[in-house]
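# A structural walkthrough
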Amino acid sequence: MTSFYFEHQKIYVSVDCIIFGFDDNQLKILIGKRHMDPGRGEWSLYGGFVRNDESVDDAADRTLYELTGLRNVYMRQVGAFGSVERDPGERVVSVAYYALINVKDYEEQLLKTHQVEWVNVENMPKLFSDHNDMVRQARKLMRQKMRTEPVGFNLLPELFTLTQLQKLYEAVNGEEIDKRNFRKRIKEMDFIEKTEKIDKLTSRRGAALYRFNKKIYNEEPNFKL
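For clarity, every value in this text was computed on a predicted model and none was experimentally measured.

Another point: the overall build of the protein chain. For the protein chain, the count of helices and strands is six helices and nine strands. For the protein chain, the C-alpha atoms occupy an extent of roughly 65 × 35 × 30 Å along the three principal directions. Every one of the 225 residues in the protein chain was classed for burial, and the buried ones make up 43%. Contacts in the protein chain between residues at least 24 apart in sequence constitute 66% of all its contacts with a sequence separation of at least 6. If you sum the accessible surface of the protein chain, you get close to 13,700 Å²; carbon and sulfur atoms cover 45% of it. Of the charged side chains in the protein chain, 36 are positive and 35 negative; the average position of the first set lies 6 Å away from that of the second.

The following block contains the structure:
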């Protein structure tokens, strides 16, 4: 490090990860209680400070991996949050990211290790500092993205029913979707393939299982819901 800019005030830069999952037809986020001051004991997103030898993207990747043990996760930047009084400890600017993961890929033991839990985003408690604002902005961006790109499949298992897919979009948008129109639109998409497998666990009558074919989508990226 050099001695330049010594006349200017130093501030901290951190990252916060909004990790979305989908389970029991609910959109959920991964949160836990803070183990440090200020805000010890308050509900919080999982985050950390950016190190001298890493970019903010690298810091977000590291933080996400520390919490989930997962690589190659869909993650996008939400934006910077830098109000002067946002952190009562020091002057901290935080860059927020949202990630989409399949809840089933997250090892349950990690919930205990990091003392975090999945919470329905509709029943989200008051979080530390401006973390509630981060979640709201992340959900807004995710909702916009899901209308034009098939990113929602990151929240689903490899095989899913059309009911699961519809419930996912309803949970993200916070409103019901007309079943007939939704299925008509989905069946027009060649990259959502019907398989020969049947779901007998969540459907009494046995619902057909579908999969997302990324290769076909990349050849003809036409998606709008």
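Now for a nonpolar patch on the surface. There is a patch of nonpolar side chains on the surface, built from Tyr12, Met36 and Phe49 and spanning about 310 Å² of accessible area. Along the chain, Met36 falls in the loop between strand S2 (26–33) and strand S3 (43–44).

Next up on the list: the pattern of salt bridges. All chains considered together, the criterion is met by 11 salt bridges. Here Asp130 ties to Arg86 by a salt bridge, and the two come within 2.8 Å at their closest N and O atoms. One end of the pair, Asp130, is in the loop between strand S7 (116–120) and helix H3 (131–148); the other, Arg86, is in the loop between strand S5 (74–81) and strand S6 (92–100), with 44 residues separating them in the sequence. Accessibility classification places Asp130 together with Arg86 in one group, the buried group. Among the salt bridges present, the one from Glu193 reaches Arg211, with a minimum N-O distance of 3.9 Å. With a gap of 18 residues between them, Glu193 in strand S8 (residues 192–199) and Arg211 in strand S9 (residues 207–212) connect regions that are remote in the sequence. A relative accessible area of 22% places Glu193 in the partly exposed class.

About the criteria used
Residues numbered from 1 in each chain as written. Predicted model: local features only at pLDDT ≥ 70, side-chain atom pairs only at ≥ 80, totals over all residues. Heavy atoms only, no water. Helix = DSSP H or I, 4+ residues; strand = E, 2+ residues; numbered from the N terminus. Buried < 20%, exposed > 50% of the residue type's maximum accessible area, 1.4 Å probe, protein only. Contact = heavy atoms within 4.5 Å. Areas by Shrake-Rupley, 256 points an atom, 1.4 Å probe, with all protein chains shown as cover. Lys, Arg positive; Asp, Glu negative; His and termini not counted. Charge placed at Lys NZ, Arg CZ, Asp CG, Glu CD. Patch = residues over 30% accessible without salt bridge, like charges linked within 9 Å, V, L, I, M, F, W, Y side chains within 5 Å. Salt bridge = Lys/Arg side-chain N within 4 Å of Asp/Glu carboxyl O.

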